[in-house]
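Structure at a glance
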Amino acid sequence: RWRGRVMADNSPPGRSTWAVVPVRLGLAGYWVSMCVATHVPNPPAVVPVQVSDTWLHLVAYLGLAVLLVQGIAVVRPVSRRDAVLLWAVAVVYGALDEVTQMVPALHRTAEWKDWAADVAGAAIGVLVGILVSRVWSVQGGGGPSIAGDG
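Position numbers for residues count from 1 along each chain, tracking the sequence in the order it is written. Local features are withheld for residues below a pLDDT of 70 in this predicted model, meaning they are given only at 70 or higher, and side-chain atom pairs are given and counted only at 80 or more; totals for whole chains, interfaces and linings count all residues. Processing note: side-chain calculations cover all non-hydrogen atoms of the structure and skip hydrogens and water entirely.

**Observations regarding the packing of aromatic side chains**
The line we're drawing: Ring pairs shown here join Phe, Tyr and Trp side chains whose ring centres sit within 6.5 Å, with only the six-membered ring taken for Trp; geometry is labelled stacked below 30 degrees between planes, edge-to-face above 60, and tilted in between. Note on conventions: DSSP H or I runs of at least 4 residues are helices, E runs of at least 2 residues are strands, and numbering of each starts at the N terminus. Working definition: with a 1.4 Å probe on protein chains only, accessible area under 20% of the residue-type maximum means buried, over 50% means exposed, and in between means partly exposed.
The final tally for this structure, using the stated rule, is three aromatic pairs. Relative to Tyr93, the ring of Trp31 has its centre 5.4 Å away and its plane inclined at 90°; by these criteria the two rings are edge-to-face. Note that Trp31 is positioned in helix α1 (residues 20–37) and Tyr93 in helix α3 (residues 80–100), a separation of 62 residues in sequence. What makes Trp31 partly exposed here is its relative accessible area of 24%. Both rings, one in Trp112 and one in Trp115, keep their centres 6.1 Å apart while their planes meet at 80°; by these two values the pair is edge-to-face. Of this pair, Trp112 and Trp115 both sit in helix α4 (residues 112–140), three residues apart, roughly one helical turn. A connected cluster of aromatic rings, assembled from ring pairs, spans Trp31, Tyr61 and Tyr93.

Here it is, written out as C-alpha cells:
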C-alpha cells in the first residue's frame, strides 16, 4: 500500500473486471438522467404534489453518491480520501445544478434547502456506498474496502 491506496496490480481477489463496465455505465446513465430531469423547462408533474421536492433531492443525491463510490469500489478499495472527494464532487455538482436552474428560460427555481438536501443525501450515499462495497468485498473474498490513509 502507498498512502492508503492499493496499487493497480494488487487488486483484491474478490473484485472482478466484469462489473466495471455495468457499474460505470449505470453511474453515467443515472447522472445524465438526473441532469436532464433537473433542467427540463416547465417540468411535468411526475411526482405527487404531497411529496416534498426536498426529499427528492435527498434521495437523488444519495443514489448518485452510492454509484460514485461503487464506480471506484468496483476496481479497488475506497480510501477515506476517496470518500471525502466523492462527497465533494456530489456537493459541487449539487451547487452547480441549483445555480443553473436560475436560468430564466428553464422556469425553474434554485433553493438553499434543496442544496442542503443534496449535501445530506450525498453524505448518506457515500456511507451507504462504503457499506455496500464492504459487503461486496467480504462476499467476494476481498479484504476491507475502505483503506486507511497512512
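**Focus: α3**
Let me state the cut-off plainly: Helix span, expected: 1.5 Å multiplied by one less than the number of residues in the helix.
The end-to-end C-alpha distance of α3, which contains 21 residues, comes to 30 Å, matching closely the 30 Å that a straight helix rising 1.5 Å per residue would cover. Looking only at α3, the buried set comprises Asp82, Ala83, Leu86, Ala90, Val91, Tyr93, Gly94, Asp97 and Glu98.

**A closer look at the side chain of His57**
Note the cut-off: The contact criterion used is simple: two residues touch if any of their non-hydrogen atoms lie within 4.5 Å.
Looking at the secondary structure, you find His57 in helix α2 (residues 53–73). Those residues in contact with His57 that sit more than four places away from it in its chain are Glu98, Asp114, Ala117 and Asp118.

**Things to note about the pattern of salt bridges**
Formally: One speaks of a salt bridge when a side-chain nitrogen belonging to Lys or Arg is within 4 Å of a carboxyl oxygen belonging to Asp or Glu.
Under the definition given, this model contains two salt bridges. Here Asp82 makes a salt bridge to Arg76, at a shortest N to O gap of 2.7 Å. By relative accessible area, Asp82 is classed as buried at 4%. Here Lys113 and Glu111 are joined by a salt bridge, their closest N and O atoms 3.9 Å apart. Among the residues examined, Glu111 registers a relative accessible area of 31% and is labelled partly exposed.

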